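Survey of secondary and tertiary structure
Take a look at the letters that make up each chain.
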Amino acid sequence: MEWIGDLERAVAATIYPNRVVIGAATLVAVAAVGLFAWRHGWFGRVRRHPGRSTLLAALTIAIIGPIGWYLGSPLILSTTVDEPPPVVAAEATSTPTVSDPPATPLPRPRATSTPSPRSTPTPTPSPAPLALRGAFSGADEFHFGRGTARLIETAPGAFVVRLEEFAVRNGPDLYVYLSPDARGYADGAIELGRLKADNGNQNYEAPAGLDPTRAASIVIWCKQFSVQFAVAPLASDG
């Protein structure tokens, strides 16, 4: 089905930017065809064979209708989610303390003695959790994308991808991927799950054993037709 993706990319690159002119030309073409059909008596033939015409129209709708709805309905349908941010487990940084010995009478020190200072152990700070961030951009004018993508280390070796104030052109079979290529989808990209909604804040757990050094971008990808909708290159959130 990649040919449908190629067709969609061609439409997005050529037709959509010129949609006003093409729409006006289409209306003129439809009016010209209608005038041609009326002058050549096509409408009269339809009236003379109502059963055959109805059957042909029903077959056309039955074949084209579901395909058109599957491809076109995401353009008019939209969903929103608002999930809370993931909880980052803070490692305990206990500070060692030195307890005072029991109070016992001590001999009075001589005037020449100097008390030795008590050393206090210094705690070793824990490393800060890894955090990467990037801004979404669409693949083209039609496939828009906006918002922020974040890769958050919620616990040592555990990661969550979060989309914040996110919006993308809705489409069929959209999935979220963690890609090793900053430009978008590439071989070795890790699938995180189906896109929950085309708007809003949402979280996706990364698989265990993720190597964060290979996390270069977050991608919104149409899996069935192999079309990239949006990408957010990741960089340090420092």
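Everything numeric here is computed off the predicted structure, so don't read it as measured data.

By size, the foremost hydrophobic cluster in this structure holds 27 residues, and its most contacted members are Phe-136, Leu-151, Leu-163, Leu-195, Ile-218 and Ile-220. Residue assignment for this core shows that the elements contributing at least two residues are β4 (145-155), β5 (158-168), β6 (174-179), β9 (217-222) and β10 (227-233). The leading source of residues in this core is β5, at five residues. Those residues in contact with Ile-220 that sit more than four places away from it in its chain are Phe-136, Leu-163, Phe-166, Val-168, Leu-174, Tyr-175, Val-176, Leu-195, Val-227, Gln-228, Phe-229 and Ala-230. In this structure, Tyr-177, Ala-189, Val-219 and Trp-221 belong to the second largest nonpolar core, which totals six residues.

Before going further, it helps to spend a moment on the side chain of Glu-164. Along the chain, Glu-164 falls in strand β5. There is a polar contact of 3.1 Å between the side chain of Glu-164 and the side chain of Arg-150. Dropping the residues within four chain positions of it, Glu-164 is found in contact with Arg-133, Gly-147, Thr-148, Arg-150 and Asn-201.

A cluster of nonpolar side chains, Leu-35, Trp-38 and Phe-43, forms an exposed patch at the surface whose accessible area comes to about 360 Å². Tracing the sequence through the fold places Phe-43 in helix α3 (residues 42-48).

A few words on the packing of aromatic side chains. Scanning the entire structure with this criterion turns up three aromatic pairs. Considering the side-chain rings of Tyr-185 and Trp-221, the 4.1 Å spacing of their centres and the 10° angle between planes classify their relative orientation as stacked. Taken together, the residues Tyr-185 in the loop between β6 and β7 (190-194) and Trp-221 in strand β9 connect sequence positions 36 residues apart. Classification of Tyr-185 as partly exposed rests on a relative accessible area of 33%. Three or more aromatic residues joined by ring pairs make a cluster, and in this case those are Tyr-177, Tyr-185 and Trp-221. Here the basic side chain of Arg-169 rests over the ring of Phe-142, its NZ or CZ set 4.5 Å away from the ring centre. One residue, Lys-196, lies across the ring of Tyr-204, its end atom 4.8 Å from the ring centre.

Okay, the pairing of strand β8 (residues 199-205) next. The buried fraction of β8 amounts to five of the seven residues, a majority that puts the element mostly inside the structure. Across three bridges, strand β1 (residues 80-82) lies against β8 in parallel orientation. Directly across from Val-81, in β8, lies its bridge partner Gly-200.

Burial analysis of β9 places six of its six residues in the buried class, which makes it a mostly covered element. Across the two faces of β9 the burial is the same, with Ser-217, Val-219 and Trp-221 and Ile-218, Ile-220 and Cys-222 all buried. As paired strands, β6 and β9 are joined by six bridges and run antiparallel to one another. Paired with Leu-174 across the bridge in β9 is Cys-222. Bridge analysis of β9 against β10 gives six bridges, and the strand direction is antiparallel. Paired with Trp-221 across the two strands is Gln-228, which belongs to β10. Counted along the chain from β9 to the antiparallel partner β10, the turn is four residues long, and its residue Ser-226 has a positive phi close to 55°.

How each quantity is defined
Residues numbered from 1 in each chain as written. Predicted model: local features only at pLDDT ≥ 70, side-chain atom pairs only at ≥ 80, totals over all residues. Heavy atoms only, no water. Core = buried A, V, L, I, M, F, W, Y, C linked by side-chain atoms within 4.5 Å. Buried < 20%, exposed > 50% of the residue type's maximum accessible area, 1.4 Å probe, protein only. Helix = DSSP H or I, 4+ residues; strand = E, 2+ residues; numbered from the N terminus. Contact = heavy atoms within 4.5 Å. Polar contact = N/O pair within 3.5 Å; in protein donor to acceptor, adjacent residues only side chain to side chain. Patch = residues over 30% accessible without salt bridge, like charges linked within 9 Å, V, L, I, M, F, W, Y side chains within 5 Å. Areas by Shrake-Rupley, 256 points an atom, 1.4 Å probe, with all protein chains shown as cover. Salt bridge = Lys/Arg side-chain N within 4 Å of Asp/Glu carboxyl O. Phe/Tyr/Trp six-rings, centres within 6.5 Å; stacked < 30°, edge-to-face > 60°. Lys NZ or Arg CZ within 6 Å of the ring centre and 35° of its normal. Pairing = 2+ DSSP bridges.

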